[in-house]
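Each chain, letter by letter, is given below.
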Amino acid sequence: MKASSLALTLPLICSVMVACSSTGSKDSAKAPAGYVTKGNGSFTLQPYKTVTLDNGLKIVFIRDTSLPRISLTMMLKTGTMQEPAQQAGLNALTAYLLEQGSQSRDAMKIADDFGQLGSSIDISAGADITTVYADSLNVSSDFLLDLFADVTMNPAFKEGEINRIRAQMVAALQKKVDNPSAFANLKMDQYLFGNHPYGRDENGTIEGLKGITKQDIIKHYLTFYRPNNASLAVVGNFKEDFEKRVQEQFSKWGKRSIPIIKAEAPPVIDGLKVKLVVKKGLQQTQIRIGQIGISRVDKEYLTLRLANEVLGGSFASRLNQKVRDDLGLTYSIYSYFDVKKEPGSFEVSTFTKNETAGKTLEEALAVIRNYVEKGADDKEVDASKNQLVGQFPRAIETADRLAYNLLALDFYGISVDYLLNFNKTVNSISNKESNAALKQTLNPEKLKVLVYGDESIIAQFEKFKPEIERMK
C-alpha cells in the first residue's frame, strides 16, 4: 500500500511543466531505426519512437543507456471527471485496487514480486488522469513487463481488498481536517467549483465511498481503463526485442467505446465573495483567494504563466515582497494557475496569525488590484522570463521526465513543438501582452475567498458580510 498511501495524500496535478534535456547532433545521429529526433538549432530532444497498437494504445519508447534500468509509465485518461457525483471516489478506489490482486496473483504476491525487483508500483489518481508507474533494473525487464501488464490488465477486485482499501481511504478523508492547509485547499475547491468534479477530493467523499459496490468498480474499469483510453511510456536501457515484447503483451488488452462525460458548470462568481470556515483552537488562519482560470490548451497559457510569475509565482513576486517581506504578515504567499483539461483555478495561497487574518486578506487583494489595473513594468517581466527559461531544463532533463511530458502533451492534444519552442515563445511575449492577458483573465472584483481559522477571526471580516461555516 505504499503507492496507494502516497496517492491518498498527494493527488496528481496534471500540468505539463517545463524544462528540457537536450542532446547534440552527435547523439542524434545514433538514434535507432524508427526513432525521431526533434529539435531546432543546438537544442534537440532525446530521440523517441511512438507506436499505436491496433487496440488504440499509444506507446512512447525512449532508449536511455545512461543507467541499467527500465521504467514503465501508464497514463489513463480517467479521473474524478469520469465518476458520478454520488459515487465520488470511484476512480481512485478502482486505481488503488489494481495492485491489490490480479487474476493470477493476490495482493501479497504482487507486493512480493515487486519486492524481488527491488521496486514498487506507484499509482496516482487525479481529476483528469490516473497514472501507474514502476521500474526495475534492466536485467529484470521481462519480469517487470509481465507484472506491470498483469496489474493493469487483469485486476481481480476481490471484496476483501475493496473493503480494506475503502476503509483506508475513508480514514484518510476523516483525518484531512487535521491538516489545515490541505483542508483549506479542499474547501476552496468546493467553494469555487460547486458540483463540478474539480470541486471534489480525488479520493471522493466518505458517503460516496461507502455506496460503491464491486459491480460499480468493475463497470468503471471496463469502461475507462481501456487501451484506447491510455498511453504508455517505456524508458530505459533496452533493445528492439523488448519493444516487440511490450507491444505483444499489451496487444492482448481489449478496447471499447469510451463515453464522453459532461460535467456541470462551476457556479458564476458575481462579486467578491468571502466564506469563513471556523474551528475553535486553530492557531493559524489559512487564506485562499481565487476564481475560475484557464484550461491547459488556452492560447494564453504561457503568457499568463509569465504574468503570474510577477504577481505571485516567484520569491521576488509582488505578493511575496509586499505581504511577506514588507509587512511581515506571513512566511509564505504565492499564486498559480492550476490548469487542467477543463478550466481550472487561479489561486492565491497563504496563511497568517489569527490576529492578522483580515489585514493579510486586504493587503493581498490590494496587490492583485494594483497589478491588474497598472500591470507590470519591463524589468519585472524580463526577470520573470529569465525565471521561466531558467527553470525549463529541469522539466525534461531526464528521459523519464521527457516521457511524462510527451504523454501529458498528447493527453492535452498539444504539439511537441511546445517544448521545442518554449524559450523562444516565452522571450517573445511583450510586457503589454502579459499585462493585457492578466487583465482579461483576472477580475479582482469577482473573486472567491476561503478563510479557515479560529472563531476569533470572524470580526475581522464583517465588512465582507461573509458566509460562515462552523466546524466541530
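Each value, and the rule that gives it
Residues numbered from 1 in each chain as written. Predicted model: local features only at pLDDT ≥ 70, side-chain atom pairs only at ≥ 80, totals over all residues. Heavy atoms only, no water. Core = buried A, V, L, I, M, F, W, Y, C linked by side-chain atoms within 4.5 Å. Buried < 20%, exposed > 50% of the residue type's maximum accessible area, 1.4 Å probe, protein only. Helix = DSSP H or I, 4+ residues; strand = E, 2+ residues; numbered from the N terminus. Contact = heavy atoms within 4.5 Å. Pairing = 2+ DSSP bridges. Axes fitted to C-alpha atoms, helices over the stretch in contact; angles between N-to-C directions. Salt bridge = Lys/Arg side-chain N within 4 Å of Asp/Glu carboxyl O. Phe/Tyr/Trp six-rings, centres within 6.5 Å; stacked < 30°, edge-to-face > 60°. Lys NZ or Arg CZ within 6 Å of the ring centre and 35° of its normal.

As recorded by an unreviewed UniProt entry, the protein carries the name Insulinase family protein and is attributed to Bdellovibrio reynosensis.

A. The arrangement of the nonpolar core in detail. Counting 70 residues, the largest nonpolar core has Ile 62, Ile 289 and Leu 419 as its most contacted members. Looking at this core, the element that brings in the most residues is helix H15 (residues 399-412), giving nine residues. Beyond its immediate sequence surroundings of up to four residues, Ile 62 is in contact with Tyr 35, Gln 46, Pro 47, Tyr 48, Val 234, Val 235, Gly 236, Phe 238, Ala 399, Leu 402, Ala 403 and Leu 406. Listed in part, the 52 residues of the second largest apolar core include Leu 147, Tyr 225, Ala 230 and Leu 232.

B. Local environment of the sheet that holds strand S12 (residues 345-353). In spatial order, the strands read S11-S12-S10-S13-S9-S14; together these six strands make up an open sheet with mixed pairing. Every other strand in the sheet has two partners, leaving strand S11 (333-338) and strand S14 (467-470) as the edge strands with one partner each. Averaged over all neighbouring strand pairs, the angle between strand axes comes to 15 degrees, with direction disregarded. Where helix H7 (residues 180-193) meets the sheet, it contacts strand S9 (273-278), strand S10 (284-292), S12, strand S13 (448-453) and S14, and its direction lies at approximately 30 degrees from that of S10.

C. How the structure looks around the pattern of salt bridges. All chains considered together, the criterion is met by 25 salt bridges. Between Lys 109 and Asp 113 there is a salt bridge, and its shortest N-O distance comes to 3.3 Å. Separated by four residues within a single helix, Lys 109 and Asp 113 lie in helix H4 (residues 107-116), roughly one turn from each other. Relative accessible area serves as the criterion here: at 40%, Lys 109 is assigned to the partly exposed category. Residue Glu 161 pairs with Arg 164 through a salt bridge whose shortest N-O separation is 2.8 Å. Taken together, the positions of Glu 161 and Arg 164, both in helix H6 (residues 159-175) and three residues apart, correspond to about one turn of that helix. Take Arg 164: its relative accessible area is 34%, and that puts it in the partly exposed class.

D. Just the packing of aromatic side chains, in detail. In the structure shown here, the tally under the stated rule is 14 aromatic pairs. Judged by centre distance (6.4 Å) and plane angle (55 degrees), the ring pair of Phe 250 and Trp 253 falls under tilted. Members of the aromatic cluster, connected to one another through ring pairs, are Tyr 301, Phe 392, Tyr 418 and Phe 422. Lying across the ring of Tyr 198, Lys 340 places its NZ or CZ 4.6 Å from the centre.

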